[in-house]
Amino acid sequence: ACTGIENIDEAITLLEQNNWDLVAAINGVIPQENGILQSEYGVETLHGPAYGPSSHSTASSSPSSSSAFRHVVPSRQIVERQPRMLDFRVEYRDRNVDVVLEDSSTVGDIKHILENELQIPASKMLLKGWKTGDVDDSTVLKSLHLPKNNSLYVLTPDLPPPSSSHSGALQESLNQNFMLIVTHREVQREYNLNFSGSSTIQEVKRNVYDLTSIPVRHQLWEGWPPSATDDSMTLAVSGLTFPCHRLTVGRRSSPVQTREQSEEQCTDVHMVSDSDGDDFEDATEFGVDDGEMFGVASSALRKSPMMPENAENEGDALLQFTAEFSSRYGDCHPVYFIGSLEAAFQEAFYGKARDRKLLAIYLHHDESVLTNVFCSQMLCAESIVSYLSQNFITWAWDMTKEANRARFLTMCTRHFGSVVAQTIRTQKTDQFPLFLIIMGRRSSNEVLNVIQGNTTVDELMMRLMAAMEIFSAQQQEDIKDEDKREARENVKREQDEAYRISLEADRAKREAQEREMAEQFRLEQIRKEQEEEREAIRLSLEQSLPPEPKEESTESVSKLRIRTPSGEFFERRFLASSKLQVVFDFVASKGYPWEEYKLLGTFPRRDVTQLDPNKSLLEVKLYPQETLFLEAKE
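Quick look at the structure, then. It should be emphasised that the depicted structure is a prediction, and the values quoted were computed from it without experimental measurement.

Conventions used here
- Residues numbered from 1 in each chain as written.
- Predicted model: local features only at pLDDT ≥ 70, side-chain atom pairs only at ≥ 80, totals over all residues.
- Heavy atoms only, no water.
- Salt bridge = Lys/Arg side-chain N within 4 Å of Asp/Glu carboxyl O.
- Helix = DSSP H or I, 4+ residues; strand = E, 2+ residues; numbered from the N terminus.
- Buried < 20%, exposed > 50% of the residue type's maximum accessible area, 1.4 Å probe, protein only.
- Core = buried A, V, L, I, M, F, W, Y, C linked by side-chain atoms within 4.5 Å.
- Contact = heavy atoms within 4.5 Å.
- Arc of directions from axis to C-beta.
- Phe/Tyr/Trp six-rings, centres within 6.5 Å; stacked < 30°, edge-to-face > 60°.
- Axes fitted to C-alpha atoms, helices over the stretch in contact; angles between N-to-C directions.
- Parallel < 35°, antiparallel > 145°, perpendicular 65-115°, else oblique.
- Patch = residues over 30% accessible without salt bridge, like charges linked within 9 Å, V, L, I, M, F, W, Y side chains within 5 Å.
- Areas by Shrake-Rupley, 256 points an atom, 1.4 Å probe, with all protein chains shown as cover.

It is worth spelling out the pattern of salt bridges at this point. The tally for this structure, following the rule as stated, stands at 29 salt bridges. Between Asp 230 and Arg 89 there is a salt bridge, with the nearest N and O atoms lying 3.6 Å from each other. Of the two residues, Asp 230 sits in the loop between strand S7 (219-222) and strand S8 (244-251) while Arg 89 sits in strand S1 (residues 85-92), which places them 141 residues apart along the sequence. Judged by its relative accessible area of 19%, Arg 89 is buried. Linking Lys 205 and Asp 231 is a salt bridge whose minimum nitrogen-to-oxygen distance equals 3.0 Å. With Lys 205 in helix H7 (residues 201-212) and Asp 231 in the loop between S7 and S8, this residue pair connects regions lying 26 residues apart in the sequence. You can call Asp 231 partly exposed: its relative accessible area is 27%.

In structure tokens, the structure reads:
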């Protein structure tokens, strides 16, 4: 209405260039000497000098006008569309390079800039991180429909990794301690803070928040090195002076203003001519409604939805939700669980009792007037983010699209019952966003609290803490029950182990007995075989003996009397011409083989078994009679 710009893309570009300051953006496209907004009360503006004295007479000449606005048509040169600038943060190993280009440039132009900065041939680079699929060096950036701020990374698979000496130096820097002397500008107070080189800039800012009560997003710093461009960067690589570095922090002016300040500024820039209730009745003459005029979130200005409609995979939908949430409200936000609702249940409720957490379900709605305030001021408050990350598993869903809304209500009915689903179904759009606090029970999941968007940070924290108290009491009972159950299971395991060991011992004993019996049986078999063999030899020798000569035989006969080790005697007659071997065979036939026993004479004592067995009894002087005795060999 004020500038004559009808192209939405051009308007958004101008707003981005002025950090979404509406008055500054309008001042930037309309000649300052003409003025942009005039009223009958004066010509001063919030930014810069007065536009000129002629506006008073102009306003006075039209007292019958019911609107405070006057449409000023800018010159053609001023409303021509300026080229849109894109910011790229490119990461390569341990370096970050910032590249700013017009959207009419190509991907190859980025590589040429990186070639000079990184000293890497463009042909060796693989530029990754594009949200679209097919991107080559000739692709024009405008065709990719990129946001203003983009993050990319470079891969160089054909180049060798950095030398180990550099890695060693970096590791040494990470182990160093930095002394940061931080001056709080408003109260003129210094803090001496010690941080390791592995600490990040974000951790420093959060510690300063604890000391100064200045939230990170409102901190205005001086003294950081030019290379410290990313809060996730460690102090070792940020370029700080070692071992001591001075910094200054102050509070950034808050964009949230009181109603009185807003009314005062409106009077200063002459957006309001009087307070009779007709201030904006003519705004619709220029095709602008209240939401578009004052930057209230509207669907026409959004670049992309929080979540795709009819998403097949809940994990992919949550990835887009997280990325879009970060682009809208910054990186300080709850860590959303990436996965299905069932997977979130498993993570929160079905681990060990000590590891269980509450489940927080955030239901987003882009068409609610409370969404932006709830997300930026409450859900992204550092105290809320910290408390959620420590005690909750946070899962999110976008209820803006009807298909996504119906899908969540189906999941809600399946997991929580129809009563909870009906409660969410009856919530009006302006009551969103919703925050559901879920606690896992033994047999079901219980909804402890449903928090609507019209709340404050303190009230939200109190309700989270109240839910945590209920959960902690239940968790202590679950821990006791789990400890008792584990104790019973341990006793049972010990008993089972003792029983197993007893069975093993019995089985080993039984196997030993079986082995012993088998060995005895084997030895008995050997003994029997040996006895049978000896008996067969004895019988063979007995049968091979010549017949015993009779007493009345005419041949010379030798009578031998043999005493056994047991004291028994047996006698036999042999021909004097018989060989000594015949006597040995006779003794062996009685069970005394000459290999085991020796045959001894009495007078004189001699070992007959040592004599030549082929000699006759007459030759060995065993004639006409002799008494011999058997003795076992050693």
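For soluble globular proteins, nonpolar side chains are generally found buried alongside one another. With 58 residues, the main nonpolar core has Leu 359 and Trp 395 as its most contacted residues. Non-local contacts of Leu 359, meaning those with residues more than four positions away in its chain, are made with Leu 341, Ala 344, Phe 345, Ala 348, Phe 349, Phe 392, Ile 393, Trp 395, Leu 436, Ile 437 and Ile 438.

The complete set of buried residues in helix H12 (residues 371-379) reads Thr 371, Phe 374, Cys 375, Met 378 and Leu 379. Looking down the long axis of H12, one finds its buried residues gathered within 115 degrees of arc, a one-sided arrangement. On its buried side, H12 packs onto helix H10 (314-329), strand S9 (358-364), helix H13 (382-391), strand S11 (434-440) and helix H16 (457-544).

Further remarks concern the packing of aromatic side chains. Scanning all chains against the criterion turns up 21 aromatic pairs. Ring geometry for Phe 349 and Tyr 350: centres 6.4 Å apart, planes at 80 degrees, overall edge-to-face. Classification of Tyr 350 as partly exposed rests on a relative accessible area of 49%. Ring geometry for Trp 395 against Trp 397: centres 5.5 Å apart, planes inclined by 10 degrees, an arrangement best described as stacked. Per residue, the accessibility class of Trp 395 equals that of Trp 397, and both read buried. A network of ring pairs unites the aromatic residues Phe 321, Phe 325, Tyr 329, Tyr 336, Tyr 362, Phe 374 and Phe 435 as a single cluster.

On to the side chain of Thr 200. With respect to the helices and strands, Thr 200 occurs in the loop between strand S6 (189-196) and H7. Assessed through its relative accessible area of 17%, Thr 200 is described here as buried. Dropping the residues within four chain positions of it, Thr 200 is found in contact with Asp 231, Ser 232, Met 233, Thr 234 and Leu 235.

Orientation of helix H11 (residues 341-349) relative to helix H14 (residues 402-416), taken along the N-to-C sense of each, is 40 degrees, at an axis distance of 11 Å. The orientation of H11 with respect to H14, classified from their angle, is oblique. Along its contact with H11, which presents Leu 341, Glu 342 and Phe 345, the element H14 presents Met 411, Arg 414, His 415 and Phe 416.

A word on a nonpolar patch on the surface. Taken together, the side chains of Leu 126, Tyr 153 and Leu 155 present a nonpolar region at the surface, about 250 Å² in accessible area. Looking at where Leu 155 falls in the secondary structure, it is placed in strand S4 (residues 149-155). Of the residues examined, Leu 155 reaches a relative accessible area of 37% and is grouped as partly exposed.

Interpretation note: all reported values are geometric properties and have no functional meaning in isolation.
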